[in-house]
Amino acid sequence: MSNPMNTWHRLRAGNEKFFVPVRGGQREPALQAPIAAVFRCADAAVGSEMILGQSWGSLVDVSTWGHVIDDGVLATMECAVDTLEVPLIVVLGHADCRAMRAAMRAWDDAVIPEGATRIAVQQALSSIVRRGASADSVDGVTAAHIVETGVALMERSPIISQRIDAGKCGIICVTTDPVSGQLRTHAAIGPVGEVPDTLLECV
Ligand SMILES: [Zn+2]
């Protein structure tokens with residue numbers, strides 16, 4: 001059974017794998033420049049690097065429950081595209097998302113949950129309304145919210161929108177197929193060169 005101490009020991013041991021020995025006995029982290037930024041849901045079972053087949057540390061990986069966008073997310077994304085100059089933001093949704101299910105319950109019951117999780121539900125409900133989406137399927141709600149999240153990153157950050165207008169950055173909004181795990185594209189913003197798979201309107 002997990003407890004704080006053995007969990008920390010497990011993480012501490014794993015940390016050793018991220019360091020490589022160098023000449024002289026000093027140990028330094030194996031650093032690399034990120035190739036993209038990923039904004040995903042925190043309750044996804046699989047990490048971004050694994051889903052996208054990339055090595056650890058090759059992505060600016062940001063996660064919040066239900067893709068809640070706050071100032072911290074915007075600051076991190078702006079740093080990724082403007083300072084680290086990554087050319088792509090991936091908004092990555094996943095199957096059977098607990099946050100989207102919470103939004104569906106709130107929609108059906110017309111009740112917003114108490115506590116800090118309410119912001120995730122409120123933002124997802126806003127996405128349903130703005131996309132004119134049906135709230136009767138978790139996949140449909142997730143797709144609508146993924147697209148609105150990508151649009152919101154662009155609209156709320158002048159730095160990101162300027163990079164997109166300059167052709168230096170794009171945003172792609174995808175979800176993982178619940179069976180195959182393959183990506184389904186729902187919207188592409190900027191010079192991504194991808195045609196959405198779904199019927200949601202391309203931005
Ligand atoms: Zn989720």
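Rules used throughout
Residues numbered from 1 in each chain as written. Predicted model: local features only at pLDDT ≥ 70, side-chain atom pairs only at ≥ 80, totals over all residues. Heavy atoms only, no water. UniProt positions renumbered as here; feature names shortened; annotations may be inferred. 1 Å grid on protein atoms, 1.4 Å probe; cavity = no way out; pocket = protein on both sides within 12 Å on 5 of 7 lines; lining within 4 Å. Helix = DSSP H or I, 4+ residues; strand = E, 2+ residues; numbered from the N terminus. Buried < 20%, exposed > 50% of the residue type's maximum accessible area, 1.4 Å probe, protein only. Contact = heavy atoms within 4.5 Å. Donors = N, O, S within 2.8 Å, 3.2 Å for Na, K, Ca; no water. Tetrahedral: all angles 85-135°; square planar, octahedral: opposite > 155°, others 65-115°. Core = buried A, V, L, I, M, F, W, Y, C linked by side-chain atoms within 4.5 Å. Salt bridge = Lys/Arg side-chain N within 4 Å of Asp/Glu carboxyl O.

- Under an unreviewed UniProt entry, the name given to the protein is Carbonic anhydrase, and the organism recorded is Mycolicibacterium aromaticivorans JS19b1 = JCM 16368.
- In its Sequence similarities (unreviewed entry) section, the UniProt entry covering the protein states "Belongs to the beta-class carbonic anhydrase family."
- In its Function (unreviewed entry) section, UniProt records this for the protein: "Catalyzes the reversible hydration of carbon dioxide to form bicarbonate."

### Some details on the UniProt feature "binding site: Zn(2+)" (unreviewed entry) in the protein
- Here, the residues flagged by UniProt with the feature "binding site: Zn(2+)" (unreviewed entry) are Cys41, Asp43, His94 and Cys97. Spanning 57 residues, the annotated positions come together in the fold, the maximum distance between their C-alpha atoms being 8.9 Å. The annotated residues that sit in the lining of the largest cavity are His94.
- The topology assignment puts Cys41 in strand β3 (residues 36–41).
- Cys41 sits in the buried class, given a relative accessible area of 0%.
- Setting aside residues no more than four positions away along its own chain, Cys41 makes contact with Ser63, Thr64, Trp65, Gly66, His67, Leu92, His94 and Cys97.
- Structurally, Asp43 is set in the loop between β3 and α2 (48–52).

### Remarks on the environment of Gly47
- Looking at the secondary structure, you find Gly47 in the loop between β3 and α2.
- C-alpha separation for the pair Gly47 and Ser63, spaced 16 residues apart in sequence, amounts to 9.7 Å.

### Some thoughts on the coordination of the zinc ion
- The protein atoms that coordinate the zinc ion are Cys41 (SG), Asp43 (OD), His94 (NE2) and Cys97 (SG), at distances of 2.0 to 2.2 Å.
- Classification of the site at the zinc ion as irregular follows from its four donor atoms and the range of 78 to 138° in their angles at the metal.

### Structural notes on the nonpolar core
- Counting 25 residues, the largest nonpolar core has Met77, Ile89, Leu153 and Ile171 as the members making the most contacts within it.
- Within the residue set of this core, elements represented by two or more residues are β3, β4 (59–64), α3 (71–83), β5 (88–93), α6 (138–156), α7 (158–165), β6 (170–176) and β7 (183–189).
- Of all hydrophobic cores here, the second largest spans 15 residues; its members include Cys41, Met104, Leu125 and Ile128.

### A few points about the pattern of salt bridges
- Evaluated as defined, the whole model comprises six salt bridges.
- Measuring nitrogen to oxygen at the nearest pair gives 3.0 Å for the salt bridge that ties Arg40 to Asp61. Placement of Arg40 in strand β3 and of Asp61 in strand β4 is noted, with a sequence separation of 21 residues between them.
- According to the relative accessible area criterion, Arg40 is buried, its value standing at 13%.
- Beyond isolated ion pairs, a larger network of salt bridges with shared partners links Arg130, Arg131, Glu148 and Glu155.

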